[in-house]
Amino acid sequence: VFSQQASVVAQDAGVVEDDDPCAGFFPTKSMVNFTINRVTEDMGKKYGFNEVQLENTRAIIREKVPAWLDKNEADNTALTNEWIEGMMGDAPPTAGEVAEWSKRVIPLVGDFTTIVQETSTEMKEFLNDDQIARLDSELSAFNMGLSFVNQRLGNWGEGGYNWETEWPRGPEFRQQEE
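In this text, all values refer to a predicted model and were calculated from it rather than measured experimentally.

**Q** Help me understand the overall build of the protein in this model?
**A** From N to C terminus, the protein includes 8 helices and 0 strands. For the protein, the succession of helices and strands along the chain, N to C, is α-α-α-α-α-α-α-α. Within the protein, the fraction of its 178 residues that count as buried is 34%. The contacts in the protein between residues at least 6 apart in sequence include a share of 72% that link residues at least 24 apart. Total accessible area computed for the protein in this model is approximately 10700 Å², and 55% of it derives from carbon and sulfur atoms.

Written out as structure tokens, the structure reads:
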């Protein structure tokens with residue numbers, strides 16, 4: 001959606017666009033595996049995991065997250081590229097472009113939320129009471145943030161994107177940042 005605008009700008013600048021819809025950054029399997037290792041190490045420190053809890057957590061995440069990434073690679077890549085191009089472009093994306101983008105993002109956020117919930121439920125089977133309380137507290141914070149994200153995406157999906165306040169180079173956005 002945003003890439004149509006970016007393509008025109010790129011052509012005007014003499015840049016040759018790649019027609020590959022999956023062109024752009026997407027993590028390799030090694031990057032995903034390393035990320036899971038680092039995230040679970042951090043979780044282990046925060047929650048006080050023993051080795052079994054650490055390995056169980058890694059196993060659950062390795063079962064769910066890479067499969068979700070693989071299943072949604074084309075959409076995730078295209079949506080990420082479109083967002084970055086829209087935010088870094090010479091002109092702001094229109095409310096209509098952001099609405100279409102948002103409508104494509106909402107189901108992915110929902111699917112990923114399901115993975116977080118399933119992972120948390122499975123983890124509770126091997127966590128102690130203090131660890132479960134911490135997990136529940138962090139899930140509450142996650143759900144609060146998710147509520148904000150879903151509200152924002154819903155508003156944008158209905159055409160409520162305001163480039164003046166939400167585009168990084170918009171006049172009101174810059175004033176808020178100062």
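We are not done yet, so read on.
**Q** Quick question: what am I supposed to make of the side chain of Ser-120 here?
**A** Relative to the assigned elements, Ser-120 resides in helix α5 (residues 95-123). Among the polar contacts made by the side chain of Ser-120, one reaches the main-chain carbonyl oxygen of Val-116 at a distance of 2.9 Å.

**Q** Help me understand the environment of Gln-175, please; the structure alone is not making it clear to me.
**A** The residue Gln-175 is located in helix α8 (residues 171-177) in this model. Separated by 10 residues in sequence, Gln-175 and Thr-165 place their C-alpha atoms 8.9 Å apart.

**Q** Would you mind showing me how to read the packing of helix α4 (residues 73-88) against α5 here?
**A** A pair of packed helices is captured by two measures, namely the crossing angle of their axes and the spacing between those axes. Running from N to C, α4 and α5 point in directions that differ by 140°, and their axes come no closer than 11 Å. Relative to α5, the element α4 lies oblique. Between α4 and α5 the crossing geometry is left-handed. Along its contact with α4, which presents Asp-75, Asn-76, Ala-78, Leu-79, Glu-82 and Trp-83, the element α5 presents Trp-101, Arg-104, Val-105 and Leu-108. Considered class by class, the residues forming the contact of α4 with α5 number 6 nonpolar, 1 polar and 3 charged.

**Q** I'm lost on the pattern of salt bridges in this one. Help?
**A** Proximity of charged atoms lets side chains of opposite charge pair with each other. In the structure shown here, the tally under the stated rule is 13 salt bridges. Between Glu-41 and Arg-58 there is a salt bridge; the shortest N-O distance is 3.6 Å. Here Glu-41 is found in helix α2 (residues 29-47), whereas its partner Arg-58 is found in helix α3 (residues 51-71), with 17 residues between them in sequence. A cluster of three or more residues bridged by salt bridges with shared partners is formed by Arg-38, Glu-41, Glu-55 and Arg-58.

**Q** How should I be thinking about the packing of aromatic side chains in this particular structure?
**A** The geometry of an aromatic ring pair comes down to the distance between the two centres and the angle between the two planes. Counted under the stated rule, the structure contains 7 aromatic pairs. Between Trp-83 and Trp-156 the ring centres are 5.5 Å apart and the planes differ by 25°, which places this aromatic pair in the stacked class. In this pair, Trp-83 is assigned in helix α4 and Trp-156 in helix α6 (residues 129-157), connecting sequence segments 73 residues apart. Summarising the aromatic geometry, the rings of Trp-101 and Trp-156 are spaced 6.5 Å apart at their centres and angled 55° between planes, so their arrangement reads as tilted. In this pair, Trp-101 sits in helix α5 while Trp-156 sits in helix α6, placing the two residues 55 residues apart along the sequence. You'll find Trp-101 and Trp-156 in the same group, each marked buried.

**Q** Looking at this model, I keep getting lost on the environment of Glu-158. Mind explaining?
**A** Following the sequence through the fold, Glu-158 ends up in the loop between α6 and α7 (163-166). Taking the C-alpha atoms as reference points, Glu-158 and Ala-95, separated by 63 residues in sequence, lie 8.8 Å from one another.

Thresholds, definitions, all that
Residues numbered from 1 in each chain as written. Predicted model: local features only at pLDDT ≥ 70, side-chain atom pairs only at ≥ 80, totals over all residues. Heavy atoms only, no water. Helix = DSSP H or I, 4+ residues; strand = E, 2+ residues; numbered from the N terminus. Buried < 20%, exposed > 50% of the residue type's maximum accessible area, 1.4 Å probe, protein only. Contact = heavy atoms within 4.5 Å. Areas by Shrake-Rupley, 256 points an atom, 1.4 Å probe, with all protein chains shown as cover. Polar contact = N/O pair within 3.5 Å; in protein donor to acceptor, adjacent residues only side chain to side chain. Axes fitted to C-alpha atoms, helices over the stretch in contact; angles between N-to-C directions. Parallel < 35°, antiparallel > 145°, perpendicular 65-115°, else oblique. Left-handed = near helix turned anticlockwise from the far one by under 90°. Nonpolar A, V, L, I, M, F, W, Y, C, P; charged D, E, K, R; others polar. Salt bridge = Lys/Arg side-chain N within 4 Å of Asp/Glu carboxyl O. Phe/Tyr/Trp six-rings, centres within 6.5 Å; stacked < 30°, edge-to-face > 60°.

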